[in-house]
Amino acid sequence: MTEEMNQIDVQVPEVGDVVKGIVTKVEDKHVDVDIPNCKQTGIIPISELSSLHVEKASDVVKVDDELELKVTKVEDDALILSKRAVDADRAWEDLEKKFESKEVFEAEVKDVVKGGLVVDIGVRGFIPASLVEAHFVEDFTDYKGKTLSLIVVELDRDKNRVILSHRAVVEKEQSEKKQEFLQTLEAGQVLEGKVQRLTDFGAFVDIGGIDGLVHISQLSHSHVEKPSDVVEEGQEVKVKVLSVDRDNERISLSIKETLPGPWANIGEKVKPGDILDGKVQRLVSFGAFVEVLPGVEGLVHISQISNKHIGTPHEVLEEGQDVKVKVLDVNEAEERISLSMKELEENDKAEQEDYRQYQAKEESSGFQLGEIFGDKLNKLK
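Given the structure is predicted, the values throughout are model-derived calculations rather than measurements.

What about the overall build of the chain?
Per the secondary structure count, the chain includes five helices and 20 strands. Taken over 381 residues, the chain has a buried fraction of 34%. Here the contacts in the chain between residues at least 6 apart in sequence split such that 58% fall between residues at least 24 apart. As displayed, the chain offers around 23800 Å² of accessible surface, 47% of which is attributable to carbon and sulfur atoms.

Put into structure tokens, the structure is as follows:
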């Protein structure tokens, strides 16, 4: 009875069947497995262990591993089996689901090849170089053995083609973090940032995964011709949030508002009686505004421009002209400085008058001495 039952239990698998086997021996180029209730020994050629190239069978399996295998050939004393075929069937089903749902999964980079990276996900998966990172990578050598989060971006079972992307995962994470950060931003906040790039109209500053614009007018308290005059790419800066447009993901920032104002402690820098060099910035009907320090302008009232009567400041001054001025008054609280050009003219006039008087005395004295010496000379004759 027992012998009859054993004969009934013994099975002869057919090509295409999936069977379970336990690894009994691992050779360099093949693996022996025991198939329960089967008289034949199972053999897995090294080429049928993985969808990727395998140097040694021991790199993939070890003794006592239990495997699911597909029968590829039936011989009298052995079954030729494939682990790769079973892995591929399951992988394609799994990949189709992941492709439809855009599911993120992880896989280890098995090889670095020309044009990208290769992973084993039951089938050979390829990550093109352009889909590895959101930034440019020159050398992928260090990626071998690294585990990456991936999504399937292209799938073609007939062509055995699986294209994966790590970049898409990274960009999605960056976008989510960006949205979260945008929700926390409020006008008035002061943050640390790094200058990412410069344009003619300002500087883009990274304030934590998202860029904001510092318009050229917000770079400094003084006039800026071009952004590169005051900041450079990679520079760490402190910025103040001016406005946040969450719908369009636009952030306006200011470096200027984090810096001490040009009028701060102006009373220590400029005092009444000081004579300063300045540049005429603006001419108005009642006078001229002259910049005496970066971002600090004082007013030369029309009555203080010249000793001569003038109808408008334009008669004697022009914008951009370099002038010398005397400080009459400093009002730090109201950010006002009163200046005079006329007083310097008066000083010049007084000095010229003194010089003329001195010169006249010398001429007069010289003439009298000449007369005296002339008389003496006459007597000698």
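Continuing now.
Quick word on the packing of aromatic side chains
In the structure shown here, the tally under the stated rule is three aromatic pairs. The interplanar angle of 85° and the centroid separation of 6.2 Å between the aromatic rings of Phe201 and Phe204 together place this pair among those described as edge-to-face. Residue classification places Phe204 among the buried residues on the basis of a relative accessible area of 16%. Here Lys146 stacks its cationic end above the ring of Tyr143, 4.5 Å away from the centre of that ring. The ring of Phe289 has Arg282 lying over it, and the distance from NZ or CZ to the ring centre is 4.2 Å.

Re the confidence of the model for the chain
Residue-level pLDDT values for the chain average 86, and 88% of them are 70 or greater. Here residues 1–8 scores under 50 on pLDDT; set against residues more than four positions off or in separate chains, the count is zero contacts. Across residues 362–374 the pLDDT falls below 50, and counting only partners more than four positions away or on other chains, this stretch makes zero contacts in the model.

Topic: the sheet that holds strand β14 (residues 236–245)
Taken in spatial order, the five strands line up as β11-β12-β13-β15-β14 and close into a barrel, and their pairing is mixed. Across the sheet, the mean angle separating the axes of adjacent strands is 50° when strand polarity is ignored. Pairing between strand β11 (residues 190–199) and strand β12 (residues 202–206): five bridges, direction antiparallel. Counterpart to Thr199 in the pairing with β12 is Gly202.

What to know about the sheet that holds strand β19 (residues 322–331)
With respect to topology, five strands assemble into a closed barrel ordered β16-β17-β18-β20-β19, the strand pairing being mixed. Adjacent strand axes in the sheet meet at a mean angle of 50° when their direction is disregarded. Sheet analysis places strand β16 (residues 275–284) next to strand β17 (residues 287–293), joined by five bridges and oriented antiparallel. Within the sheet, the bridge partner assigned to Lys279 lies in β17 and is Glu291.

A word on unusual backbone geometry
Negative phi characterises most residues that are not glycine, and trans characterises most peptide bonds. Phi angles above zero are rare outside glycine, and Asn265 is one such case at about 55°. Its place among the elements puts Asn265 in the loop between β15 (250–254) and α4 (266–269). What makes Asn265 partly exposed here is its relative accessible area of 42%. With phi around 55°, Glu335 is a residue other than glycine that occupies positive phi space.

A look at the pairing of β15
Bridge count between strand β13 (residues 211–215) and β15: two bridges; the pairing is parallel. Paired with Leu213 across the strands is Ser252, a residue of β15. With five bridges joining them, β14 and β15 adopt antiparallel strand pairing. Residue pairing across strands places Lys240 opposite Ser254, the latter belonging to β15. Linking β14 back to β15 in an antiparallel pair, the connection comprises four residues, with Glu249 at a positive phi of about 55°.

Quick word on the pattern of salt bridges
Summed over all chains, the structure comprises 22 salt bridges. One salt bridge in this structure joins Glu68 and Arg90, with 2.0 Å as the shortest N-O distance. Of this pair, Glu68 sits in strand β4 (residues 66–74) while Arg90 is found in helix α2 (residues 83–101), placing the two residues 22 residues apart along the sequence. Ionic pairing is found between Lys279 and Asp322, a salt bridge with its closest N-O pair at 3.0 Å.

Criteria and cut-off values
Residues numbered from 1 in each chain as written. Predicted model: local features only at pLDDT ≥ 70, side-chain atom pairs only at ≥ 80, totals over all residues. Heavy atoms only, no water. Helix = DSSP H or I, 4+ residues; strand = E, 2+ residues; numbered from the N terminus. Buried < 20%, exposed > 50% of the residue type's maximum accessible area, 1.4 Å probe, protein only. Contact = heavy atoms within 4.5 Å. Areas by Shrake-Rupley, 256 points an atom, 1.4 Å probe, with all protein chains shown as cover. Phe/Tyr/Trp six-rings, centres within 6.5 Å; stacked < 30°, edge-to-face > 60°. Lys NZ or Arg CZ within 6 Å of the ring centre and 35° of its normal. pLDDT = per-residue confidence, 0-100. Pairing = 2+ DSSP bridges. Axes fitted to C-alpha atoms, helices over the stretch in contact; angles between N-to-C directions. Salt bridge = Lys/Arg side-chain N within 4 Å of Asp/Glu carboxyl O.

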